[in-house]
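Residues per chain are reported as follows:
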Amino acid sequence: MFEKPDLSLPKHVRTTMLPYGQQWLDEQDIEAVTKVLRGDFITQGPAIIAFETKIANYVNAKYAVAFANGTAALHGACFAAGIGEGDEVITTPITFLASSNCVLYQGGTPVFADIDMDTYNVDPEQIESKITCRTKAIIAVDFTGQPVEIDRISMLARDRDLILIEDAAHSLGASYAGRKIGAWADMTMFSFHPVKHVTTGEGGVIVTDNEVFYRRLLLFRNHGMTKNPEELTRNDGPWYYEMQELGFNYRMTDMQAALGVTQMDKLDFFVTRRREIAARYNEAFSKLEGLVIPGQQSRAESSWHLYILRWIPEHFSAGRDVIFNELRSLNIGVHVHYIPVYLQPYYQRMGYRDGICPNAEQYYRTAITVPLFPKMTDQNVNEVVDAIETVYRKYHMQIKGRLL
Ligand SMILES: *Cc1c(COP(=O)(O)O)cnc(C)c1O
């Protein structure tokens, strides 16, 4: 007997939630960490130097300074850039809170520039329109792993004498015009949170070619303290140290750094797998009218931290929130990245108002992040595609008067 397939359920039904992102750790990683635990140094030992060197070499930067996490690293970059009270720093609202909070930590003022609706990255023209005599720096965020138009933004920063900090938490392994991210901005931050490309549990780094920034980052990470005889204002003896700035304890441990080294060995493989999955999603979802796949800028080679689908409201009989919940009920761990930062109550209390960045707000209402991480199996990828197609069929409406 022929049975009509039940289209209201996907072919592959999951029984546990598939997260949107997850680390990949193997025996090599575990061995590297236990080796540190059996050794003499568990913090600020040789693994830190090895990890910093590895990152700097990978992105082709002169210096790298490891931090306890990416947020601390961004704080360090704002300190090194000399951001303080009265200084404005231009960034995007479609980012994690840390990209603009780091400016507030230093007493500066974040200014939000609107996004491009194709790439969801900050629009260089919008940055330009927000520059005033108080602007000190730009924090450009490579949202989802796709680099911003870093050539145009670098040029703008150079012309206007602004410091360019790149928040590359999403874009380790990505390139722009054939050159790795990390070799473009004055300072570039990578994060090693477990959902990012490589992980140290918690961790972050700033890479730079500028020696002055490098020295300031080292001071900031360690209470503003130095023992370097060349930097001391006087020298009372071999025990002597000096606090020259107000810094923090933002150090990374050697256990974390050792993990970072073995994770870096797998980075290119991780990025390749992420690109493979993204290509499969693009192929499946570009056929579905009313769904918008992530637009890619021709010179940008994304390392695909996130895969985002936009559901254009006119094409669906249910809103984004219903669709989101439905995907969750099929155990697909969808997410939304991000709520425009200035809509957060804390920012609203500071006086930021709705409507500053209309594209960002429109983007936010329609976006859903779909699971993407290297450890996903082909079966997992099929489960995601099936679930999306099922929910799509349920709510998609043909637009009247249109021949399809
Ligand atoms: C993860 C992330 C950060 C902060 O990194 P942590 O290591 O979690 O502190 C900053 N900016 C963006 C865009 C991020 O995704």
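What counts and how
- Along each chain, numbering runs from 1 in the same order as the chain's sequence is written.
- Residue-level local features of this predicted model are given only where pLDDT is at least 70; pairs of side-chain atoms are given and counted only at 80 or more, and the full residue set underlies all totals for whole chains, interfaces and linings.
- Only hydrogens and water are set aside; all other atoms, that is, all heavy atoms of the structure, feed into the side-chain values.
- Comment: elements are numbered from the N terminus, with helices defined as DSSP H or I runs of at least four residues and strands as E runs of at least two.
- Any residue under 20% of the maximum accessible area for its type is buried, any over 50% is exposed, and the rest in between are partly exposed; the area is computed with a 1.4 Å probe on protein chains only.
- Whether two residues are in contact is decided by their heavy atoms: any pair within 4.5 Å suffices.
- As annotated, the domain borders come from an automatic or database domain assignment.
- Once two parts are joined, some of their accessible surface, as seen by a 1.4 Å probe, is lost; buried area is that loss totalled over both.
- For this document, the term salt bridge refers to a Lys or Arg side-chain nitrogen within 4 Å of an Asp or Glu carboxyl oxygen.
- Polar contacts here mean pairs of N or O atoms no more than 3.5 Å apart (in protein, one a potential hydrogen donor and the other a potential acceptor; neighbouring residues in sequence count only if both atoms are side-chain atoms).
- By nonpolar core is meant a set of buried Ala, Val, Leu, Ile, Met, Phe, Trp, Tyr and Cys residues that side-chain atoms within 4.5 Å join together.

Trainee: Could you give an account of the environment of Ala66, with specific residues and numbers?
Mentor: Relative to the helices and strands, Ala66 is located in strand E1 (residues 63-67). The exposure class assigned to Ala66 is buried, which follows from its relative accessible area of 0%. Setting aside its immediate chain neighbours within four residues, Ala66 contacts Glu52, Gly204, Val205, Arg221, Tyr250 and Met252.

Trainee: Account for unusual backbone geometry, with residues named and values stated.
Mentor: Residue Tyr338 is bonded to the preceding His337 through a cis peptide linkage, with omega at -5°. The topology assignment puts Tyr338 in the loop between helix H10 (320-329) and helix H11 (345-349). The residue Gln44 is not glycine, and still its phi comes out positive at about 50°. Of note, Gln44 is situated in the loop between helix H1 (27-37) and helix H2 (46-59). Positive phi outside glycine occurs at His223, with the angle close to 65°. Inspection of the secondary structure assignment puts His223 in the loop between helix H7 (211-221) and strand E10 (225-226).

Trainee: Tell me what's going on with the domain arrangement of the chain, and back it up with residues and numbers.
Mentor: Domain annotation for the chain reports domain 1 (27-264) and domain 2 (267-403). The gap between the C-alpha centroids of domain 1 and domain 2 is 28 Å. Between domain 1 and domain 2, the residue contacts involve 41 residues of the former and 40 residues of the latter. Where domain 1 abuts domain 2, roughly 3400 Å² becomes buried across the two surfaces, and 60% of that area is made up of carbon and sulfur atoms. In terms of surface lost to domain 2, no three residues of domain 1 exceed Met117, Tyr120 and His197, which account for 19% of the buried area on that side. For Arg299, the salt bridge goes to Asp151, with nearest N and O atoms at 2.8 Å. The tally of links between domain 1 and domain 2 comes to 28 residue pairs in polar contact (both at pLDDT 80 or more).

Trainee: How would you explain the nonpolar core if you had to name every residue and give the values?
Mentor: One broad trend across soluble globular proteins is that nonpolar side chains are buried collectively. Phe51, Ile55, Ile127, Leu164, Leu172, Phe190 and Phe192 are the most contacted members of the largest nonpolar core, which has 47 residues in total. For this core, the secondary-structure elements that each account for two or more residues are H1, H2, E1, strand E4 (135-141), helix H6 (150-159), strand E9 (204-208), helix H8 (254-265) and helix H9 (267-285). Of the residues forming this core, the biggest block, six residues, is contributed by H2. The two domains that each donate at least three residues to this core are domain 1 (27-264) and domain 2 (267-403). One finds Phe285, Leu327, Val334 and Val384 within the second-largest nonpolar core, a separate group that totals 33 residues.

Trainee: Explain the pattern of salt bridges to me, using residue names and the numbers behind them.
Mentor: For the structure on display, the rule yields 20 salt bridges. Arg134 is the salt-bridge partner of Glu88, the closest N and O atoms lying 3.1 Å from each other. Remark: Arg134 occurs in the loop between helix H5 (124-129) and E4 and Glu88 occurs in strand E2 (residues 88-91); sequence separation between them is 46 residues. Judged by its relative accessible area of 11%, Glu88 falls in the buried class.

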